[in-house]
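The lines below spell out each chain.
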Amino acid sequence: MPETLQQNVLRDEQRLPAVPDPGVVVIFGASGDLTARKLVPALYDLAQGRRLPMEFAVVGISRTPMSHDEFRQKLRKGLDEQRAGSVSEDVWESFSKGLFYLPGDSKKPETYEELKAFLQQLDEERGTGGNRVYYLSSSPSLFSTIVERLGEAGMSQEEEGSGYARLVIEKPFGRDLESAKELNGDILRYFREKQIYRIDHYLGKETVQNILALRFSNGIFEPIWNQHYVDHVQITVAEDIGVGTRGAFYEEAGALRDIVQNHVMQVLCLTAMEPPVAFDADSLREEKVKVLKAVRPIPEDEVGEYAVRGQYDGGWVFGEEVKGYREEGNVAPDSETETYVALKLLVDNWRWAGVPFYVRAGKRMPKKSTEIAIQFHKTPHTPFSGPDTRGLEPNVLVIRVQPEEGVSMKIGAKVPGSGFEVRSVNMDLLYGSAFMEEAPDAYQRLLLDLMLGDPTLFIRADEAEGAWEILQPVMESWSKDGHSARYAAGTWGPDEAAALLGHDGREWRRP
Ligand code: BG6
């Protein structure tokens, strides 16, 4: 064993049980933002929490020329930005010795020969045991090529005793149904489904997993979680930020592909699905796919009645003047790309017949807020009437995914004093005060599961395709009619979105 590993401060006889086997995480597109901002800080957190084996390494690949040391410095800078003031020098010292960089063109077969030799060298020097995770964080246009090159180089095979080979694909997974099917086909030529981990970081969020905990570890919610009691559901993924430096990416993606196809659809599935028999990959994903299949297809000529898209103009957010989307860097001055989407979806099954799911996602909203609101039917009759009930609304159960993670229930209560005035008040649970521990970052959880070989919180091929299938008519209609409704930055979206619910006699909530 090399000297550096003997001195590794991560060695600890008291290690927690769920520590992955030795292995290497190879990141394609490693000079990009995600590696420095999310992946390496999450791996560092795992190291700090003693959840990484000592025999561990990261190999970054991209075209930018860089030495191992320059790569480490870049990652350290990213880590300092993300974990300001809390980086332990001892942990970093040990962890950073396992960070390596190979400059190379991921289109060229030579890169893979070099990578293969380097990984073998790491197996010998650091004891990484032939286990490999290939993390595709490059431009999505390179996904198929990288998979093909890995396959051709024999790096996708898991032979008896040779260690595992797992493939992680970042979103967006394709840009429509056809390209997602093609990508699935390309990958499945070289990797088996059980080796493939399609990632959606929302599934790594504690509060997204808490949707399941709330629903299936409490006896009181399931009996009322259906059309008999629920009037409608609202899912909101609002962000106060604009597109920032990601204009070029966003021009290609838009909010429908960037957020709705993945994060929103996943949250919808977890909210609407039937109880799985177990919390394992097959059981959970089977139930999610059933929800996607039950979503009523939107006829292309009726898209206007079910979908609204908007784009932000200049405005004010948190007292600061911000520019409009068309003035952002790398955005066309006449762009119609949507930065806001609202959809009305119907889930045609026994449980949800007739209950609309209104979903919305937008940038430059007044604040960041991701939540699921289950609005229950009004009481059939109220003995209190007149002006005394003006402040009374139907019960709403709100699961706040972020920020102020928690659950609240709006209930009617008597206003203290004489008379009988009733008003809605919130019963609030804040996870932060119920559990004194800080929730781990989504990527931390997902990277750990990945190394442990647990695909439960990753997306299966048919899920990715199912979500695209729902959105396909919307994309097709929008590609013909290029117009996005306008909304001022710092507002809750275009008037058309309010009308989508207004038509049904309902209103969006103010998160
Ligand atoms: C990413 C999108 O997947 O999710 C971004 O590409 C978005 O546009 C981000 O800002 C939101 O994630 P979170 O965890 O901040 O809600």
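Residues numbered from 1 in each chain as written. Predicted model: local features only at pLDDT ≥ 70, side-chain atom pairs only at ≥ 80, totals over all residues. Heavy atoms only, no water.

Thoughts on the pattern of salt bridges
In step 1: Counted according to the given criterion, the structure contains 34 salt bridges.
In step 2: A network of salt bridges, in which partner residues are shared, links Arg215, Glu222, Glu274 and Arg351. (Salt bridge = Lys/Arg side-chain N within 4 Å of Asp/Glu carboxyl O.)

Side note on the sheet that holds strand E16 (residues 422–430)
In step 1: Ordered in space as E16-E15-E14-E13-E7-E12-E11-E8-E17, the 9 strands form an open sheet in which the pairing is mixed. With one partner strand each, in any of the chains shown, E16 and strand E17 (485–488) form the two edges of the open sheet. The average angle at which neighbouring strand axes cross in this sheet is 20 degrees, direction not considered.
In step 2: Note that strand E11 (residues 340–346) and strand E12 (residues 356–362) share 7 bridges and pair antiparallel. If you follow Val341 over to E12, its bridge partner there is Ala361.
In step 3: Its contacts with the sheet put helix H15 (residues 495–502) on strand E7 (230–238), strand E8 (307–313), E11, E12 and E17, and the angle it makes with E11 is roughly 15 degrees. (Pairing = 2+ DSSP bridges. Helix = DSSP H or I, 4+ residues; strand = E, 2+ residues; numbered from the N terminus. Axes fitted to C-alpha atoms, helices over the stretch in contact; angles between N-to-C directions. Contact = heavy atoms within 4.5 Å.)

Some details on helix H5 (residues 109–126)
In step 1: In a regular helix each residue adds 1.5 Å, so 18 residues correspond to 26 Å; H5 covers 25 Å between its end C-alpha atoms and thus fits that length.
In step 2: Taken as a whole, H5 has its buried residues at Thr111, Tyr112, Leu115, Phe118, Leu119, Leu122 and Arg126. Projected down its long axis, H5 shows its buried positions confined to an angular sector of 125 degrees, all on one face.
In step 3: Following H5 by one or two positions, Gly127 has its phi on the positive side, about 70 degrees. (Expected span 1.5 Å × (residues − 1). Buried < 20%, exposed > 50% of the residue type's maximum accessible area, 1.4 Å probe, protein only. Arc of directions from axis to C-beta.)

Some thoughts on the site of the ligand
In step 1: Contacts to the ligand come from Lys171, His201, Tyr202, Lys205, Glu239, Arg246, Asp258, Ile259, His263, Lys363, Lys368 and Gln402.
In step 2: One of the side-chain nitrogen or oxygen atoms of Tyr202 is found 2.5 Å away from an oxygen atom of the ligand.
In step 3: Side-chain polar atom of His263 to an oxygen atom of the ligand: 2.8 Å apart, as the coordinates give it.
In step 4: Relative to its unbound accessible area of 400 Å², the ligand is 82% covered by the protein chains.
In step 5: In terms of residues, the shell around the ligand owes the most to one element, helix H9 (residues 247–272), which gives 3 residues.
In step 6: Partitioning the shell around the ligand into residue classes produces 2 nonpolar, 3 polar and 7 charged. (Near = heavy atom within 4 Å. Polar contact = N/O pair within 3.5 Å; in protein donor to acceptor, adjacent residues only side chain to side chain. Areas by Shrake-Rupley, 256 points an atom, 1.4 Å probe, with all protein chains shown as cover. Nonpolar A, V, L, I, M, F, W, Y, C, P; charged D, E, K, R; others polar.)

Considerations on the sheet that holds strand E4 (residues 132–136)
In step 1: Spatially, E3-E2-E1-E4-E5-E6 is the arrangement adopted by the 6 strands of the open sheet, whose pairing is parallel. At either margin of the open sheet sits one strand with a lone partner, and together these are strand E3 (99–103) and strand E6 (196–198). Between one strand axis and the next, the sheet turns through 20 degrees on average, direction left out of account.
In step 2: Lying on the sheet, helix H3 (residues 68–82) is in contact with strand E2 (56–62) and E3; it crosses E3 at an angle near 120 degrees.

What to know about the pairing of E3
In step 1: The element E3 is extensively covered by neighbouring structure, given that 4 of its 5 residues are classed as buried.
In step 2: Pairing between E2 and E3: 5 bridges, direction parallel. Residue Val58 lies in a different strand from E3, and its bridge partner there is Leu99.

A few points about unusual backbone geometry
In step 1: Following Lys171, the chain continues into Pro172 via a peptide bond in cis, with omega recorded as 0 degrees.
In step 2: Within the secondary structure layout, Pro172 lies in the loop between strand E5 (165–169) and helix H7 (177–188).
In step 3: The amide bond that connects Gln402 to the next residue, Pro403, takes the cis arrangement and shows omega of -15 degrees.
In step 4: Positionally, Pro403 belongs in the loop between strand E14 (396–402) and strand E15 (406–414).
In step 5: The backbone of Phe318 sits at a positive phi, close to 50 degrees, despite the residue not being glycine.
In step 6: If you trace the backbone, Phe318 turns up in the loop between strand E9 (315–317) and strand E10 (320–322).

Geometric descriptors of this kind do not, in isolation, establish any biological role.
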